[in-house]
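# Per-entry structural report
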Amino acid sequence: MVKIKRAIISVSDKTGIVDFAKQLASMGVEIISTGGTYKLLNDSGVKVAEVSDVTGFPEMLDGRVKTLHPNIHAGLLARRDNPEHMKAIKEMKIKPIDMVVVNLYPFKQTVLKEGATFDDIVENIDIGGPSMIRAAAKNYKSVAVVTDPNQYEMVIGNMIAKDGELDEKILGRLMAQAFTVTANYDAMIAAKMNPILGKDMFPSSWPQPTEKMWDLRYGENPNQKAAYYADPFTTGVTIAKSKILHGKELSYNNIIDMDKAIDIVMDFERPTAVVMKHTNPCGLASDDTIAKAFRTAYDVDPLSAFGCVIALNRTCDVETAKMIHEYFVEVVVAPDFELGALEVLKLKKNIRLVETGMPMGPQYRVREMKTKRTQGGLLVQTDEDVPIDPKNLKVVTKRAPTEEEIHSLLFAWKLAKHVMSNAVVYVRGEHAVGIGAGQMSRVDSAKIASFKANEPTQGCVMASDAFFPFRDAVDAAAQAGITAIIQPGGSIRDQESIDAANEANIAMVFTGCRVFRHS
């Protein structure tokens, strides 16, 4: 237990600080403060001493040096159960400090502020605040460290209940949160500074700043707990920047499917709808209107679409909403929703409606490093999309594809790069016909694409995310009536696949790049 007799308060976010300080003062706590916080508390009638009265030094260097002094840090770090520590500070006439109330300079807000210069950003790197937080946290059994306005009510409530004291359980929770705050603060600085000054794509350690957005209903399964964290510096269209308009809480799986659905529709400029199920698209279409695109996309594989996530890259209008209302759908995500569309969709109690608030197209795509946890490690890779110029497609068969086939091949290629590998997709015009995903052999993916097709595959084109190791997948395509194929090429047996295509009068082009998606 720690009796709170003396506290230092220095906050950037002043939400609730006056009431908190008044409650501390009402319990006889001596309060020390700095700069703007001191002025606010003093003007609000709180009895407060300036930090310079404690240190014997004025604030210096435009406020860069305020609390960096032994009279502050020895008061924080002295162990109350160590007689030598207590003797040392007594001899130096240093009084213990039992509570630190600090939140840090707004580094993130400065970075995101339009027009902020590099010097502005550097000046908003806090030094004294993290130093006090870390000192107090290290000595947590003797010092309470309060780093978030959301903690004020809990701290005051416990002090009132225990006559101004805080027990070790509360102190431990505050300490753990304090180190989380400083770690994330440093991660934000490192994440921002390394691209500017370090220029190291893969630094010696991977800083990953995050902010908790939501607690989720559960993880991949109901017995697992989960939460969603956002990167504070990401721009563009993301789930984290979206608004949940209706429905129950999101689950872990909802967010995975939403993220991939958004990723897909962002590739297309025309009105486009995608139907996602278990990390794979089971329907995709572009058309003149979003309603037509949705109707076609859903009909690609209506059986698999049960309980799906839908993403639209245009406003969800009433016509589209009425069609969606006919089905069991987990989530609909769109740039926005017409009022009438919301009225229709909200008739379903549990459907989640998510508004990105931004247009969804190639120019708004987020390009950032991709990470994936492994047991005991972290994989990091670039997020690079190789654009395909029709002029650079390498025709390897006797017959070249027609202009119409090239248009469909490029659409199919965009789809294939979002399907779990091994991926084979069949496309007609600007809509999927059959999707074969995640098989251990490519020929099985080709066969599944035919099996899953809800319309004849005769006359469709085919895309494969990686090369054909054997000719069997091309033979399967020929049996399905495929007229043209797009694939990376690069197999030692490429000629066998080319021969198979020539035998079936199938046009084949190589892209020269692979879009294999393993996870």
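Since the structure is predicted, the reported quantities are computational estimates derived from the model, not experimental observations.

## Describing the sheet that holds strand S4 (residues 49-50)
Strand order in this open sheet of 5 strands is S4-S3-S2-S5-S6, and the pairing throughout is parallel. The sheet is open, and its two edges are formed by S4 and strand S6 (144-146), each paired on a single side. As defined by bridge partners, strand S2 (residues 6-11) adjoins strand S5 (residues 99-103) across 5 bridges and the pair is classed as parallel. Note on S5: the bridge partner recorded for isoleucine 9 is valine 101.

## Things to note about unusual backbone geometry
Residues serine 421 and asparagine 422 are joined by a peptide bond in cis, for which omega reads 0 degrees. Relative to the helices and strands, asparagine 422 is located in the loop between helix H15 (403-416) and strand S19 (424-428). For aspartate 163, which is not glycine, the phi torsion reads 55 degrees and is therefore positive. The topology assignment puts aspartate 163 in the loop between helix H9 (152-161) and strand S7 (165-166).

## Here we look at the nonpolar core
For soluble globular proteins, nonpolar side chains are generally found buried alongside one another. Counting 54 residues, the largest nonpolar core has Ile9, Phe20, Leu24, Met99, Val101, Phe107 and Leu166 as the members making the most contacts within it. The element contributing the most residues to this core is helix H10 (residues 168-198), with 8 residues. Every residue in contact with valine 101, bar those within four places of it in the chain, is listed here: Ile8, Ile9, Ser10, Val11, Ile17, Phe20, Val146 and Tyr152. Ala261, Val419, Val427 and Ile435 belong to the second largest nonpolar core, which has 48 residues in total.

## Section: the domain arrangement of the chain
The domains assigned to the chain are domain 1 (1-195), domain 2 (239-362) and domain 3 (392-508). Taking only C-alpha atoms into account, the centre of domain 1 sits 63 Å from that of domain 3.

## Remarks on the packing of aromatic side chains
Considering all chains together, one arrives at 8 aromatic pairs under this definition. On the numbers, 5.4 Å between centres and 25 degrees between planes, the contact of tryptophan 214 with tyrosine 228 is stacked. With a gap of 14 residues between them, tryptophan 214 in strand S8 (residues 211-215) and tyrosine 228 in strand S9 (residues 227-230) connect regions that are remote in the sequence. Given a relative accessible area of 17%, tyrosine 228 falls into the buried group. For arginine 514, the ring lying beneath its charged end belongs to phenylalanine 516, and the centroid distance is 4.7 Å.

## Let's talk about the pairing of strand S16 (residues 370-374)
Across 5 bridges, the pairing between S16 and strand S17 (residues 377-381) is antiparallel. Of the residues in S17, the one forming a bridge with lysine 372 is leucine 379. Taking the residues between adjacent antiparallel strands as the criterion, S16 and S17 are bridged by 2 residues, where glycine 376 takes a positive phi near 80 degrees.

## Section: the pattern of salt bridges
A complete count under the given rule lists 25 salt bridges for this structure. A salt bridge links aspartate 163 to lysine 3; the nearest nitrogen and oxygen atoms lie 4.0 Å apart. Here aspartate 163, found in the loop between H9 and S7, pairs with lysine 3, found in strand S1 (residues 2-3); they are 160 residues apart in sequence, far enough to count as distant. Aspartate 163 sits in the exposed class, given a relative accessible area of 59%. Among the salt bridges present, the one from aspartate 263 reaches arginine 365, with a minimum N-O distance of 2.2 Å.

## Things to note about the packing of helix H1 (residues 17-26) against H9
With their axes 11 Å apart at the nearest point, H1 and H9 run at an angle of 10 degrees to one another. Taken together, H1 and H9 sit at an angle that is classed as roughly parallel. Our pair here, H1 against H9, has a crossing hand that is left-handed. The segment H1 lies against H9, with Ile17, Phe20, Gln23 and Leu24 engaging Tyr152, Val155, Ile156 and Met159.

## Side note on the environment of valine 29
Tracing the chain through its elements places valine 29 in the loop between H1 and strand S3 (30-33). For the pair valine 29 and valine 443, spaced 414 residues apart in sequence, the C-alpha to C-alpha distance is 75 Å. The contact partners of valine 29, leaving out residues within four places of it in the chain, are Ile4, Lys5, Arg6, Ala7, Leu24 and Met159.

## A few points about H1
Burial in H1 covers these residues: Ile17, Val18, Phe20, Ala21 and Leu24. Burial along H1 is one-sided: seen end-on, the buried residues are contained in an arc of 165 degrees. In H1, those exposed residues whose orientation departs by more than 90 degrees from the buried face are Asp19 and Ser26. In this structure, the buried residues of H1 make contact with S2, S3, helix H2 (35-43), S5 and H9. Positive phi shows up at glycine 28, right after H1, with a value of about 85 degrees.

## Focus on helix H5 (residues 83-91)
Measuring from the backbone nitrogen of glutamate 84 back to the side-chain oxygen at the start of H5 gives 2.9 Å, which picks out asparagine 82 as the cap. Looking one or two places after H5, you find lysine 93, whose phi comes out positive at around 55 degrees.

## Considering the layout of surface pockets
Approximately 800 Å³ is the volume attributed to the second largest pocket. In terms of lining, the second largest pocket is formed by 23 residues, of which the most central are Thr147, Asp148, Val181, Asn184 and Glu211. Among the elements of the structure, helix H6 (107-112), H10 and S8 are those that each provide at least two residues to the lining of the second largest pocket. For the lining of the second largest pocket, the leading source of residues is H10, giving 6 residues. Classifying every residue of the lining of the second largest pocket gives 9 nonpolar, 9 polar and 5 charged.

Rules and cut-offs
Residues numbered from 1 in each chain as written. Predicted model: local features only at pLDDT ≥ 70, side-chain atom pairs only at ≥ 80, totals over all residues. Heavy atoms only, no water. Pairing = 2+ DSSP bridges. Helix = DSSP H or I, 4+ residues; strand = E, 2+ residues; numbered from the N terminus. Core = buried A, V, L, I, M, F, W, Y, C linked by side-chain atoms within 4.5 Å. Buried < 20%, exposed > 50% of the residue type's maximum accessible area, 1.4 Å probe, protein only. Contact = heavy atoms within 4.5 Å. Domains from an automatic or database assignment. Phe/Tyr/Trp six-rings, centres within 6.5 Å; stacked < 30°, edge-to-face > 60°. Lys NZ or Arg CZ within 6 Å of the ring centre and 35° of its normal. Salt bridge = Lys/Arg side-chain N within 4 Å of Asp/Glu carboxyl O. Axes fitted to C-alpha atoms, helices over the stretch in contact; angles between N-to-C directions. Parallel < 35°, antiparallel > 145°, perpendicular 65-115°, else oblique. Left-handed = near helix turned anticlockwise from the far one by under 90°. Arc of directions from axis to C-beta. Polar contact = N/O pair within 3.5 Å; in protein donor to acceptor, adjacent residues only side chain to side chain. 1 Å grid on protein atoms, 1.4 Å probe; cavity = no way out; pocket = protein on both sides within 12 Å on 5 of 7 lines; lining within 4 Å. Points joined across faces, edges and corners; volume = space filled by probe spheres on them. Nonpolar A, V, L, I, M, F, W, Y, C, P; charged D, E, K, R; others polar.

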